[in-house]
Every structure is written in structure tokens, then in C-alpha cells.
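Read off the chains here:
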Amino acid sequence: MKSPASAEIQQAGFFSIFETMSQPFISLENVSKHYSEDSAAGVSTIDLVIKKGDFIAIVGESGSGKSTLLKLIYGLLAPDSGEVFFKGEHLNGPHEKLIPGHDSMKMLNQDFNLNLFAKVYENIESMLSNEDVEGKKQKALAMMGFLRIDHLANKKIVELSGGEQQRVALARAIITEPEVLLLDEPFSQLDAVLKTQFRADLKRLNDELGITIIIVSHDPVDGLTLANQMIILKDGKLIESGKPDQLYSKPAYIYTGKLLGNAFVLSSEAARKMGIKTKKESVMIYPEWVQLKSSWSSKGYLIKDVFFRGFYEDLLLERDGIEVIAMNPKPGIYSKGQKVQVVISNFLEF
Ligand code: ADP
Ligand code: MG
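All of these numbers come straight from a predicted model, not from anything done at the bench.

### Quick look at the site of ligand 1
The environment of ligand 1 is formed by Tyr 35, Ala 41, Gly 42, Glu 61, Ser 62, Gly 63, Ser 64, Gly 65, Lys 66, Ser 67 and Thr 68. With respect to ligand 1, the backbone of Gly 63 contributes an N or O atom lying 2.7 Å from an oxygen atom. Here Ser 67 contributes a side-chain N or O atom positioned 2.9 Å from an oxygen atom of ligand 1. Per-element tally for the shell around ligand 1: the top contributor is helix α2 (residues 66–74), with 3 residues. When the residues that make up the shell around ligand 1 are grouped by side-chain class, the tally is 2 nonpolar, 7 polar and 2 charged.

Structure representation (C-alpha cells):
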């Protein structure tokens, strides 16, 4: 079901359906970018295909190259080697273009770049040309409705909260009908409630208007809940990519499991002590794979700490020097110092 606001937006001439192309929408072939010759910092030999309408999340530790990759896709940085293609055409880097960044793409920056003393409405409208004054007004109104900021239309930017300003910045970014929206850590300044709202807004932009969205985030939840494809970066390399549920449940690397979940790792020796049979070097376990049972035996695991998480809690357990984390779906029933039995329902070998 499309919301009335999105129908209005489409009537106002937004986002015509582009014919499907045979070539990939965005592709990177063997792309490397290093900031200096003697340093590994940057990204190396990235191969990547993005389809029209994809919601891509680029995830990785701080310094893993996420922002660099995003800037390469947008054309704010030029690769040292390899090539970026947009709809089959070479994407120009900043030295090949007067204004860096591809015209059909928009990047939402952390500094929202708003005119602080102009009204919300003026900030959004000023992105459009003056050729069709009435059309311009209609589009701005429809966009404000879609992002639920119509009640703020006549307020000045300085009178808005950070979350509201971000919405205005988003409206400005998409009112020119970009085919691709790129966002670098868009949730980092938002509290939990605004985060949830902003995630929902991005999902609607992708679902209802078909904008291809590429976000960079250090919070795996953003990627897991939003993306249809996640890209995992480590030390500037794309180590794996795929659907969030597949990457979570069957990561090829321990790094991915630790990044996406609260996974912990045991050596094969420790695993064997816990009754896990493995021939590999180590096993990785998510806390929700550790089931708990009350224990009165001295052989149980000692609860060393309890981390309250709202509707569940994580317990840090220890026995014979081996530490494991268990997710307890019923907070409040165990306390520090108690002993419990554990049953491992699943594990991955590496
Ligand atoms: P992320 O966004 O994942 O935190 P970045 O892409 O910003 O990572 O950075 C990747 C690596 O490149 C880091 O080691 C960072 O210090 C380095 N780097 C980023 N920008 C520059 C720059 N302009 N000059 C030199 N080194 C940089
Ligand atoms: Mg970054």
C-alpha cells in the first residue's frame, strides 16, 4: 500500500520509473584508493555490483574504509586504480568535473548545509528551479508531507531540533529526484526514538519511491533492519557481502559475527571442555545460542555479571577460566554470584 503522501508525490511528477537496464546500475571494478603511497589506509581492490532499488549498508570497524568507499561511489574521490561505473558509464572523479559528485546522486552530510535563518519551506523550495513556480510549490509541499514536516513549514531552521533539521536536509536532498541517496552515519546524532523514525523514513523512500539507498553505519542494527545487501569492510577490503540474515547466521569470518551480533569466540580446547566437538581452530557463538538452566550443582557456570538490555539481559558466565555470554530472555530471574547450567544450541566453526 502506498501512503497518500507518496501518491501525491508521484502526481507531482516525482520519480518516474526508469527503464530497467541490462548493465548493472552501479558497479565497482577492482577499485583501490590509498591516501598516501606508503600507507595502507584507504580501500583495496573492491569489486561490487549495486542494483537499482537496492538498500545497501556498508558496515565495518572504525577506519575500515566505509566513508572512503562511499565517496568513491559518489565520485567525491577518484580511484587510484580500477573504475566505478554508473549505468554502464565511467563515473567521473572530482578532477574530471566542475562540481564533484554525480548529478543523479545525492549525499546527505552530517553538517546539514541548511540556511539557518530561512524557513523550512524556503530551504526545500530553493533546491528547485524557478521555471515553474506553482509546480515548485506543489513539490515542496508534497515532500514536506511525505517526510511529515509540513507542520514546520514556516519555522526557521534555528528553531528546529537536530532530528527535525536532519529531516529538512533529507527533503532537500531528495526533492531534486536523485536516483541514489548516499548517507554517511546518518543515525549517529539521533536519540533512540528519532533513530527509529529516521530508519522508517529511509525505508519508505526506498520502498515507495524506489530510490537506491547506500548507507554507512557502524551500528549493525541499521544494516540488519534496513538493507537488502550488506557489505562488510575490514582494513579497506571487502571481505564478504550478502543478505543480512545470511551474513548473520552464516558469516564467513569471525569479524563479521562480532560486528553484526554480540558473538564470542572459544578456542577449540575451551570448546571441547564445554562438550562441543570441533576439529577447527575456534568456534563462534551468539549469546542467543546459549540456553540457561538453573543449577544447584557446584559444576555450574558462575554468573559474573548481568547486563540489562531492556526486554532481555546478557549474562557473563565463567567456568574453569572459560567465559561465555548468554542471552536471558527473562530478565530478573538470575543474579550475580549464582550458578547456572548452559546448553549450547548452535555454534559456528572457524
Ligand atoms: P571509516 O569510515 O570506516 O571509519 P575511512 O574511510 O574514513 O574509514 O578511513 C579509512 C582509512 O583511511 C583510515 O585509516 C583513515 O585514517 C584513512 N583516511 C581517511 N581519510 C583520509 C585522508 N583524507 N587522508 C589520509 N588518510 C585518510
Ligand atoms: Mg567514516
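Moving on from the coordinates now.
### Topic: the confidence of the model for the protein chain
Taken residue by residue, the protein chain gives an average pLDDT of 91. The fraction at 70 or more is 94%. Predicted confidence is poor over residues 16–21, with pLDDT under 50, and the contacts of this stretch with residues over four places away or in other chains come to 3 contacts.

### Focus: the environment of Ala 326
With respect to the helices and strands, the residue Ala 326 is situated in strand β16 (residues 322–328). Assessed through its relative accessible area of 0%, Ala 326 is described here as buried. Once the C-alpha coordinates of Ala 326 and Asn 262 are considered, the two residues, 64 residues apart in sequence, prove to be 9.9 Å apart. In this structure Ala 326 touches Pro 287, Val 290, Leu 292, Glu 313, Asp 314, Leu 315 and Leu 317, once residues within four positions along its chain are discounted.

### Re the packing of aromatic side chains
According to the stated counting rule, one finds 5 aromatic pairs in the structure shown. Both rings, one in Phe 187 and one in Phe 198, keep their centres 5.8 Å apart while their planes meet at 75°; by these two values the pair is edge-to-face. Of this pair, Phe 187 sits in the loop between β7 (180–184) and α6 (192–209) while Phe 198 is found in helix α6, placing the two residues 11 residues apart along the sequence. Phe 198 matches Phe 187 in its accessibility class, with the two residues each being buried. For the ring pair Tyr 286 and Trp 289, a centre distance of 4.9 Å and an interplane angle of 80° mean the geometry is edge-to-face. By relative accessible area, which is 11% here, Trp 289 ends up buried. Following the ring pairs from residue to residue traces out a cluster consisting of Tyr 248, Tyr 286 and Trp 289. When the ring centre of Phe 146 is taken as reference, the NZ or CZ atom of Arg 204 above it lies at 4.2 Å.

### Describing the side chain of Ser 64
One can find Ser 64 in the loop between β3 (55–60) and α2. Apart from residues no more than four positions distant in its own chain, Ser 64 is found in contact with Gly 42, Leu 233, Lys 234, Asp 235, Gly 236 and Tyr 255.

### A short note on helix α5 (residues 162–174)
Compared with an ideal rise of 1.5 Å per residue, which puts 13 residues at 18 Å, α5 spans 19 Å between its outermost C-alpha atoms and is within 8% of the ideal. In terms of burial, α5 is largely enclosed, as 11 of its 13 residues are buried. Tucked into the core, α5 has its buried residues touching β6 (105–108), α3 (120–125), α4 (133–146), β7 and α6.

### A look at the environment of Ala 270
Relative to the helices and strands, Ala 270 resides in helix α10 (residues 268–273). Separated by 13 residues in the primary sequence, Ala 270 and Val 283 have C-alpha atoms spaced 9.3 Å apart.

### Brief notes about the pairing of β3
Across the 6 residues that make up β3, a large majority, 6, are buried. Neither face of β3 is exposed, since Phe 55, Ala 57 and Val 59 on one face and Ile 56, Ile 58 and Gly 60 on the opposite face are all buried. As paired strands, β3 and strand β8 (residues 212–217) are joined by 5 bridges and run parallel to one another. Considered in β8, the bridge of Ile 56 is made with Ile 214. Pairing of β3 with strand β9 (residues 229–234) involves 5 bridges; the strand directions are parallel. Across the sheet, Val 59 pairs through a bridge with Ile 232, a residue of β9.

### Considering the domain arrangement of the protein chain
Domains assigned within the protein chain are domain 1 (4–256) and domain 2 (262–349). Inter-centroid distance (C-alpha atoms) of domain 1 to domain 2 is 39 Å. Between domain 1 and domain 2, the contact holds 4 residues from the first and 7 residues from the second. Summing both sides of the interface, domain 1 and domain 2 together bury roughly 510 Å²; the carbon and sulfur share of this comes to 64%. Inspection of the domain 1/domain 2 interface yields 0 salt bridges. Seen at the junction of domain 1 and domain 2, the total is 2 residue pairs in polar contact (both at pLDDT 80 or more). Across the side of domain 1 that touches domain 2, the residue classes break down as 3 nonpolar, 1 polar and no charged.

What counts and how
Numbering of residues begins from 1 in every chain and follows the order in which that chain's sequence is written. Going through the entries in the order they are written, you letter the chains from A and number the ligands from 1. With the structure being a predicted model, the display of local features is reserved for residues of pLDDT at least 70 and the display and counting of side-chain atom pairs for 80 or more, all residues being used for whole-chain, interface and lining totals. The side-chain quantities take in all heavy atoms of the structure and omit both hydrogens and water. Distances are taken per atom, and a residue is near a molecule or strand as soon as one of its heavy atoms is within 4 Å of it. Any N or O atom pair separated by 3.5 Å or less is treated as a polar contact, with the protein-specific requirement of one donor-capable and one acceptor-capable atom, and with residues adjacent in sequence counted only for side-chain atom pairs. Numbering of helices and strands runs from the N terminus; a helix is a DSSP stretch of H or I covering at least four residues, while a strand is a stretch of E covering at least two. Residues were grouped as follows: Ala, Val, Leu, Ile, Met, Phe, Trp, Tyr, Cys and Pro as nonpolar; Asp, Glu, Lys and Arg as charged; and all remaining residues, including Gly, as polar. Every residue gets a pLDDT, meaning the predictor's confidence in that residue, from 0 to 100. Throughout, a residue-residue contact means that at least one pair of heavy atoms, one from each residue, lies within 4.5 Å. Exposure classes here rest on a 1.4 Å probe applied to the protein chains alone. A residue is buried below 20% of its type maximum, exposed above 50%, and partly exposed in between. Stacked, tilted and edge-to-face are the three classes applied to pairs of Phe, Tyr and Trp rings, where Trp contributes its six-membered ring and a pair requires centres within 6.5 Å; stacked means planes under 30 degrees apart, edge-to-face means over 60, and tilted covers the rest. Only when the NZ atom of a Lys or the CZ atom of an Arg is both within 6 Å of the ring centre and within 35 degrees of the ring normal do we say a charge sits over the ring. Expected span of a helix, by definition, is 1.5 Å for each gap between consecutive residues, and there is one gap fewer than residues. Here, a strand pair is defined by DSSP locating no fewer than two bridges between the strands. Per the annotation, domain bounds derive from an automatic or database assignment of domains. Summed over both partners, buried area is the accessible surface (1.4 Å probe) that two parts give up on being assembled. Salt bridge criterion: a side-chain nitrogen from Lys or Arg within 4 Å of a carboxyl oxygen from Asp or Glu.

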